[in-house]
Amino acid sequence: MSHVMVSPIEDARDANAKAVHSDMLAPRFYTTDFAALDKLDVSPVRAEWDVMMAEYEGDNNHDHFQRDAAFADEVAAGMATLSPEMRQEFLDFLVSSLTSEFSGCILYNEIRKNVSNPDIKQLMTYLARDESRHAGFINLSLRDFGLGIDLGNLKQAKKVTFFKPKYIYYATYLSEKIGYARYITIFRQLEKHPEKRFHPIFRWFERWCNDEYRHGESFALLMRAHPHLLQGGNRLWIRFFLLAVYATMYVRDHKRPMLHESMGLDSTTYDFEVFRITTEITQQVFPIALDTDHPAFRAGLKRLFDIDVDMEAAKARGGLVGKLQQGWHAVRAFGTFARLYFMPVIEQDVSREVRLAPRW
Ligand SMILES: [Fe+2]
Ligand SMILES: [Fe+2]
């Protein structure tokens, strides 16, 4: 298997720099048009909305994100078994997970502060509450290594990308649901193979991912309350975001092959399982799904990863030749992405009820 070094995290400065860094694959921070969000109207889905709000209000996870007595011992025992390379992949995983949790926290909090629509304000309060718990919990584990992220500084220093509200709905919905699918797949695997659980944080994943699942439900309801978001030309945007989210995840995961191997998972098998679960879930909103099991689709993703490896080599080479090579690899990546985009999609009947119980 081709192997790519993730840039090493030696100290807190590296960890903070990694979190602030922006590139195609790194989690981003977003802002949007708050006035448009203020106009959202949930009355078409009011009954389901109120049930969901009562669940947030009931907050069955208020005591979940605290470490138990066994945590420190498990960290010490598990870390002693990791090779230096594997330790790097795990730290990279923690930093990028924390960055994406915190990205959600900041976006939801900004929306909360900038809208007066009571439904949206209330929802964003709950979402920001949950994401801040998630980010804080990961940060505790980074601090065990002396690598805590300064969240105040991260908020100041990281570049913020503007997204139109509808892009926020598609992208956020997908990242919440794919987050659920990723965490639950790891949790189920380690439930079967507890001897492979090299860090205690994975014991938290089941209840954690139920938060992500519910966050996704909220965006599903918002989109179903505004059906034009799911029809006509917007189908092309849905297709775009499905592919962008899947392709980014595939390339990023294949940069950390050892992390999955150590859990007894293979990055490719893991990713396609996550896509399969995500596709099943998206039936609650999206009229189309990507044919992720099609051999040409799989080959295209693999090609995107191979191009990324070439791109990294060109960057490392530097100079004029390195620059020219980077340009060429960007063209190749664009062509591959476009071919994947135009592959036939699967039409799916959207479920009658929006909400879907997590059963994976
Ligand atoms: Fe989260
Ligand atoms: Fe979330």
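Thresholds applied
The numbers attached to residues start from 1 for each chain and follow its sequence in the written order. Numbering of ligands from 1 and lettering of chains from A proceed in the order in which they are written. With pLDDT at 70 or above as the cut-off, local features in this predicted model cover only qualifying residues; side-chain atom pairs require 80 or more to be listed or tallied, and sums for whole chains, interfaces and linings still use all residues. As a rule here, side-chain values cover all heavy atoms of the structure and leave hydrogens and water aside. Helix numbering and strand numbering both begin at the N terminus, where a helix is a DSSP run of H or I of at least 4 residues and a strand a DSSP run of E of at least 2. Accessible area is worked out with a 1.4 Å probe on protein chains only. A residue is then buried under 20% of its type maximum, exposed over 50%, and partly exposed in between. Working rule for contacts: check all heavy atoms of both residues, and any pair within 4.5 Å makes them a contact. Under the rule applied, a polar contact is a pair of N or O atoms within 3.5 Å (in protein, one hydrogen donor and one hydrogen acceptor; residues adjacent in sequence only if both atoms are side-chain atoms). Because water is not among the atoms used, a metal site may look incomplete, as its donors are only the N, O and S atoms within 2.8 Å, or 3.2 Å for Na, K and Ca. Four donors are marked tetrahedral only if all angles between them lie between 85 and 135 degrees, whereas four are marked square planar and six octahedral if opposite donors are more than 155 degrees apart and the other angles lie between 65 and 115; the remainder are marked irregular. By definition, pLDDT measures how confident the predictor is in each residue, and it falls between 0 and 100. Here is the rule: rings of Phe, Tyr and Trp (six-membered ring for Trp) pair when centre to centre is within 6.5 Å. Planes less than 30 degrees apart are stacked, more than 60 are edge-to-face, and the remainder are tilted. Both a distance and an angle decide whether a charge sits over a ring: NZ of Lys or CZ of Arg must be within 6 Å of the ring centre and within 35 degrees of the ring normal. The span expected for a helix works out to 1.5 Å for each residue beyond the first.

The subject of this paragraph is the environment of arginine 239. Inspection of the secondary structure assignment puts arginine 239 in helix 10 (residues 234-254). Look at arginine 239 and you get buried, because its relative accessible area is 16%. Those residues within four positions of arginine 239 in sequence are excluded, and the remaining contacts are Ile288, Leu290, Tyr341, Phe342, Met343 and Val345. Of note is the side chain of arginine 239, whose polar atom sits 3.2 Å from the backbone oxygen of methionine 343.

The protein atoms donating to the iron ion (ligand 1) are Glu101 (OE), Glu131 (OE), His134 (ND1) and Glu212 (OE), with metal-donor distances spanning 1.9 to 2.2 Å. Around the iron ion (ligand 1) sit 4 donor atoms, and with donor-metal-donor angles ranging over 89 to 150° the site reads as irregular. Donor residues binding the iron ion (ligand 1) come from one chain and are separated in sequence as E-x29-E-x2-H-x77-E. A separation of 3.4 Å is found between the iron ion (ligand 1) and the iron ion (ligand 2), which share glutamate 131 as a coordinating residue.

Turning next to the confidence of the model for the protein chain. Of the residues in the protein chain, 98% have a pLDDT of 70 or more, and the chain-wide mean is 94. In this model residues 1-5 is a low-confidence stretch, pLDDT under 50, and it forms 11 contacts with partners more than four residues away in sequence or in other chains.

For the rest of this paragraph, the subject is the coordination of the iron ion (ligand 2). Only Glu131 (OE), Glu176 (OE), Glu176 (OE), Glu212 (OE) and His215 (ND1) from the protein reach the iron ion (ligand 2) as donors, at distances of 1.9 to 2.7 Å. Taken in chain order, the donor set of the iron ion (ligand 2) reads E-x44-E-x35-E-x2-H.

Summed over the entire model, instances satisfying the criterion amount to 36 aromatic pairs. For the pair tyrosine 183 and tryptophan 208, a centre-to-centre distance of 5.4 Å together with 90° between the ring planes defines the contact as edge-to-face. Of this pair, tyrosine 183 sits in helix 8 (residues 165-192) while tryptophan 208 sits in helix 9 (residues 205-225), placing them 25 residues apart in sequence. Neither residue differs from the other here; tyrosine 183 and tryptophan 208 are each classed as buried. Following the ring pairs from residue to residue traces out a cluster consisting of Phe65, Phe71, Phe90, Phe93, Phe137, Tyr183, Phe198, Phe202, Trp204, Phe205 and Trp208. In this structure, lysine 177 packs its charged tip against the face of tyrosine 213, placed 3.2 Å from the ring centre. Positioned above the aromatic ring of phenylalanine 272 is the side chain of arginine 298, whose terminal nitrogen or guanidinium carbon lies 3.7 Å from the ring centre.

Relative to the 22 Å expected for 16 residues at 1.5 Å per residue, helix 12 (residues 267-282) spans 22 Å between its end C-alpha atoms, a close match to the ideal helical length. Listing the buried residues of helix 12 in full gives Ser267, Tyr270, Asp271, Phe272, Val274, Phe275, Ile277, Thr278, Thr279, Ile281 and Thr282.

Time to look at helix 6 (residues 118-144). Look at helix 6: 40 Å from first C-alpha to last across 27 residues, which is about the 39 Å you get at 1.5 Å a residue. Regarding helix 6, its N-cap is asparagine 117, as a side-chain oxygen of that residue lies 3.0 Å from the backbone nitrogen of aspartate 119 further along. Looking one or two residues past helix 6, glycine 146 carries a phi angle of roughly 75°, positive in sign.

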